[in-house]
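# Notes for the structure review
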Amino acid sequence: MAHEPRTSDELGRRLKAYEGQAAAVSAAGKDPVNAPMIRHWCEAMGDTNPAYTGTDAIAPPTMLQAWTMGGLSGHAGRSSAYDELLGLLDESGCTSVVATDCEQEYVRPLRPGDEITFDAVIESVSDRKTTKLGTGYFVTTRMDIRVGPDLAGTHRFRILKYAPAQRKEEPQQGTARHERPPRPRPVVNRDNAGFWEGVRERRLLIQRCTACSTLRHPWLPGCATCGHPEWDTVEASGTGEVYSYVVMHHPPFPAFDPPYAVALIELTEGVRMISNVVGVPYDEVRIGMPVRLEFEEYDEELVLPVFRVLRAEESRVAVGGGRPYETR
Ligand SMILES: [Zn+2]
């Protein structure tokens, strides 16, 4: 039997009673918004946007949560309601936790010297849900970050507190033991849905900023070069080369058959993407090998772009008469 959480209406009612309760009240940031933390963040992220340096600098909006963090020494000002809620879920059998998503809204830019305060509220506790991980409850907290009376932004954070589903028993010998589980599905979200629509139509689409024309992959909601949110797409020509690769031996993953090569392909258009190289054994993949796009159908629902290594005579055509790649 799987470990099922207690399912009484009583539990649901007790959990719902925490909606609207404070998770932190009038807590203050440990440090004012400051240039050194901004600099470290930008270095770690590789973000060279000039808006984050100089006398009129603002903090990167995505740093919002960083200013609220208590560090290793923890934070004063937390309420006990959140801990109580998690304790109640623990008692009901929902002993595991996973962070599922975070959503931020930026209302006013933060600048060095700003001193922030924040309140956090338990915004919602879902009904009992069954997921692949197990059965449990989604708990969403919303943090409002202020400078004086002004709202600077909100940070919503959602966790799933759940009772882990019991693992299926190992199949018996002679039954489905040799049947490989299906390949994992891509995670399609509103930022990358267009890419996967393209793949379904057997087209590899690269995002292009409509302001500065910079191409980008993987898909993002805005341009990392100029910050512009609007974009269109260009269809990749399908040619490229192996920019780098690794050969996976361990850990074994049931949907795959190690060893296999995972390659970073540089498309002729200049962007790079992770994919598989087909047409050569895993130990013959080399940096610089010319490749051409193909779409491989793994099962009824899953089509993925892969790259086939070109033979020397094909590559001469593909690269317009350049030096052919030497194969062993
Ligand atoms: Zn741009």
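Located above this text is the structure these notes cover.
Residues numbered from 1 in each chain as written. Predicted model: local features only at pLDDT ≥ 70, side-chain atom pairs only at ≥ 80, totals over all residues. Heavy atoms only, no water.

So, on to the overall build of the chain. Looking only at helices and strands, the chain has five helices and 14 strands in total. Counting all 328 residues of the chain, 34% fall into the buried class. Relative to all contacts within the chain whose residues are 6 or more apart in sequence, the contacts with residues 24 or more apart total 63%. (Helix = DSSP H or I, 4+ residues; strand = E, 2+ residues; numbered from the N terminus. Buried < 20%, exposed > 50% of the residue type's maximum accessible area, 1.4 Å probe, protein only. Contact = heavy atoms within 4.5 Å.)

Let's shift gears to the pairing of strand β7 (residues 205-209). Remember that side chains alternate between the two faces of the sheet whenever the strand is regular. For β7, the buried fraction is high: four of the five residues fall into the buried class. By the bridge criterion, five bridges tie β7 to strand β9 (residues 231-235) in an arrangement that is antiparallel. Among the inter-strand pairings, L205 is bridged to a residue of β9, identified as E235. In this sheet, strand β8 (residues 215-216) lies alongside β7 in antiparallel orientation, the contact comprising two bridges. Each residue of the ladder has a partner; that of R208, found in β8, is L215. Where β7 folds back onto β8 in an antiparallel hairpin, the turn is made up of five residues, including S213, whose phi is positive at roughly 65 degrees. (Pairing = 2+ DSSP bridges.)

The strand order β10-β11-β12-β14-β13 describes a closed barrel built from five strands, whose pairing is mixed. Each neighbouring strand pair of the sheet contributes to a mean axis angle of 50 degrees, computed without reference to strand direction. Sheet analysis places strand β13 (residues 290-297) next to strand β14 (residues 303-309), joined by seven bridges and oriented antiparallel. Across the sheet, E296 pairs through a bridge with L304, a residue of β14. Its contacts with the sheet place helix α4 (residues 193-200) against β12 (272-278), β13 and β14, and it is angled at close to 70 degrees to β14. (Axes fitted to C-alpha atoms, helices over the stretch in contact; angles between N-to-C directions.)

Next up on the list: the coordination of the zinc ion. C209 (SG), C212 (SG), C223 (SG) and C226 (SG) make up the full set of protein donors to the zinc ion, lying at 2.2 to 2.4 Å. Relative to the metal, the four donor atoms surrounding the zinc ion lie at angles of 103 to 114 degrees, and the coordination shape comes out tetrahedral. Sequence spacing of the donors to the zinc ion: C-x2-C-x10-C-x2-C. Of this pair, C212 sits in the loop between β7 and β8 while C223 sits in the loop between β8 and β9; the two residues are eleven residues apart in sequence, bridging distant segments of the chain. (Donors = N, O, S within 2.8 Å, 3.2 Å for Na, K, Ca; no water. Tetrahedral: all angles 85-135°; square planar, octahedral: opposite > 155°, others 65-115°.)

It is worth spelling out the side chain of R183 at this point. Here R183 is to be found in the loop between β6 (150-164) and α4. Among buried charged residues, R183 stands out as having no salt bridge; its nearest opposite-charge side chain is E296, 6.7 Å away. (Lys, Arg positive; Asp, Glu negative; His and termini not counted. Salt bridge = Lys/Arg side-chain N within 4 Å of Asp/Glu carboxyl O.)

Before going further, it helps to examine the environment of R183. On the basis of relative accessibility, which here comes to 19%, the residue R183 falls in the buried class. Each residue touching R183, except ones within four places of it in the same chain, is listed here: A255, F256, N276, Y298, L302 and L304.

Now for the packing of helix α1 (residues 9-16) against helix α3 (residues 81-91). Packed helices, taken two at a time, are described by the angle between their axes plus the distance between the axes. Contact pair α1 / α3: the axes reach a minimum separation of 10 Å and the direction vectors enclose 165 degrees. The angle between α1 and α3 falls in the class roughly antiparallel. In this structure, the crossing between α1 and α3 has a hand that is left-handed. Contacts between α1 and α3 pair L11, R14 and L15 from the former with L85, L88 and L89 from the latter. Taken together, the residues that form the contact of α1 with α3 break down as five nonpolar, no polar and one charged. (Parallel < 35°, antiparallel > 145°, perpendicular 65-115°, else oblique. Left-handed = near helix turned anticlockwise from the far one by under 90°. Nonpolar A, V, L, I, M, F, W, Y, C, P; charged D, E, K, R; others polar.)

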